[in-house]
Amino acid sequence: MDSSTRFRKGAAGGLGLALAGLALGLTAAAHRSPAPRGIESTARPGVEGEARAGYVFQPLPYAYDALEPHIDAQTMEIHYDRHHRAYFRNLASAAEGTDWEGVPLEQLFARMSEFPESVRNNGGGHYNHTLFWEVMSPDGGGAPPRELAARIDRDFGSFEAFREQFERAAMTRFGSGWAWLSVDAEGRLFVSSTANQDNPLMDVVEQRGVPILGLDVWEHAYYLNYQNRRGSYVEAFWNVVNWPRVLELLRAAGH
Ligand code: MN
């Protein structure tokens, strides 16, 4: 990277993107006050978070078995503690000592095409999984709050139409990737899918926006419990969606 592409630490990106980052708490700066939740210690072995190179691997917001029977405990443990932690550590290792160390991921994503593929894969992997854990809850499922339901009706016609589009995005993604509900720069909700660990914040994807709901359709997300039945996993996902959190993320995106 030449000097014209250098990042100034703490420089603000687009307002929506900066706020989305704060909402997700992905940077160490977002955690200055109050103290990082559970980073120093946690009573649950295996779910410790960690912080490195200005990035935060947050503790899982619930126990591994909390989303059963929809997502089983073993899948959650391997997915969070091995897959996600590896993305985080690889990102931290790549960032250490560079001029972009600690720069919010949203800002890196806006210039993703300037970075090596490993940063794209591991930065995306860290961001996407952090979002994924937050938009699920043992108390999830049901209908979105009225305000979010109204936005979905406006932009998709009905909740059913949205759900169909989202499921199609999840089912037709060939190989590994994600299905997303995002908000674009005009405040419109849209559904998309991305390959591997890409996401709608990256300058390398077709449809850009701030993701507020994501579904991991990598086989590692469902194979132990559902084997090749991705459709059953996608259907079960609706039982654990944390709609109040999705609405918070929509508001945090400035829309
Ligand atoms: Mn995953």
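Shown above is the structure to which this text applies.
Residues numbered from 1 in each chain as written. Predicted model: local features only at pLDDT ≥ 70, side-chain atom pairs only at ≥ 80, totals over all residues.

## Quick look at the overall build of the protein
As a reminder, the rule being used: Segments assigned H or I by DSSP are reported as helices when at least four residues long, segments assigned E as strands when at least two residues long, and all are numbered from the N terminus. Contact between two residues is assigned whenever their backbone-derived C-beta positions fall within 7 Å.
Across its full length, the protein carries nine helices and five strands. Beginning at the N terminus, the succession of helices and strands in the protein can be written as α-β-β-α-α-α-α-α-β-β-β-α-α-α. Intrachain contacts of the protein at a sequence separation of at least 6 include 69% that bridge at least 24 residues.

## Focus on the packing of helix H2 (residues 73-95) against helix H4 (residues 117-134)
Under the convention used in this document: Whenever a helix is involved, its axis is fitted only over the stretch in contact; in every case the axis is a line through C-alpha atoms, and angles between N-to-C directions fall within 0 to 180 degrees. Should an angle fall under 35 degrees it is called roughly parallel, over 145 degrees roughly antiparallel, and 65 to 115 degrees roughly perpendicular, with every other angle called oblique. For any pair of crossing helices, the crossing counts as left-handed if the nearer helix is rotated counterclockwise from the farther one by less than a right angle, and right-handed if it is rotated clockwise. In this classification, Asp, Glu, Lys and Arg are treated as charged, Ala, Val, Leu, Ile, Met, Phe, Trp, Tyr, Cys and Pro as nonpolar, and every other residue, Gly included, as polar.
Direction vectors running N to C along H2 and H4 enclose 135°, while the axes themselves pass 8 Å from each other. Comparing the axis directions of H2 and H4 gives the class oblique. The chirality of how H2 crosses H4 is left-handed. Where H2 abuts H4, its residues Tyr80, His84, Tyr87, Phe88, Asn90, Leu91 and Ala94 lie against Ser118, Val119, Asn122, Gly123, Gly125, His126, His129 and Trp133. A per-class count over the contact of H2 with H4 returns seven nonpolar, eight polar and no charged.

## Some details on the nonpolar core
Note the following rule: As used throughout, a nonpolar core is a set of buried Ala, Val, Leu, Ile, Met, Phe, Trp, Tyr and Cys residues joined through C-beta atoms within 7 Å of each other. Any residue whose C-beta has 12 or fewer other C-beta atoms within 10 Å is treated as exposed, any with 20 or more as buried, and any in between as partly exposed, C-beta atoms being built from the backbone. As annotated, the domain borders come from an automatic or database domain assignment.
Ala179 and Ile212 are the most contacted members of the largest nonpolar core, which has 51 residues in total. A per-element tally of this core places H2 first, with six residues. When we break this core down by domain, the ones giving at least three residues each are domain 1 (11-134) and domain 2 (146-252).

## Observations concerning the sheet that holds strand S5 (residues 210-216)
Rule in force here: By definition, two strands form a pair when at least two bridges between them are found by DSSP.
Ordered in space as S4-S3-S5, the three strands form an open sheet in which the pairing is antiparallel. Taken across any chain shown, the strands that pair with only one partner, and hence form the sheet edges, are strand S4 (189-195) and S5. The average undirected angle you get between the axes of adjacent strands in this sheet is 25°. Docked against the sheet, helix H6 (residues 159-172) engages strand S3 (177-183), S4 and S5, running at close to 10° with respect to S4.

## Considerations on the pairing of S3
Judged by how many residues are buried, S3 sits mostly within the fold: seven of seven residues are covered. Side chains of S3 alternate between two faces, with Gly177, Ala179, Leu181 and Val183 and Trp178, Trp180 and Ser182 buried alike. In this sheet, S4 lies alongside S3 in antiparallel orientation, the contact comprising seven bridges. If you follow Trp178 over to S4, its bridge partner there is Thr194.

## Focus on H4
Rules: Expected span, for any helix, means 1.5 Å times one less than how many residues it has.
With 18 residues, H4 extends 26 Å from end C-alpha to end C-alpha; this agrees with the ideal 26 Å at 1.5 Å per step. Listed as buried for H4 are Arg120, Asn122, Gly123, Gly124, Gly125, His126, Tyr127, Asn128, His129, Thr130, Leu131 and Glu134.

## Considering the environment of Glu101
Take Glu101: it is sitting in the loop between H2 and helix H3 (105-109). Expressed as a C-alpha distance, the spacing of Glu101 and Leu91, which sit 10 residues apart in the sequence, is 9.6 Å. When neighbours within four sequence positions are excluded, Glu101 is seen to be in contact with Ala53, Gly54, Ala95 and Glu96.

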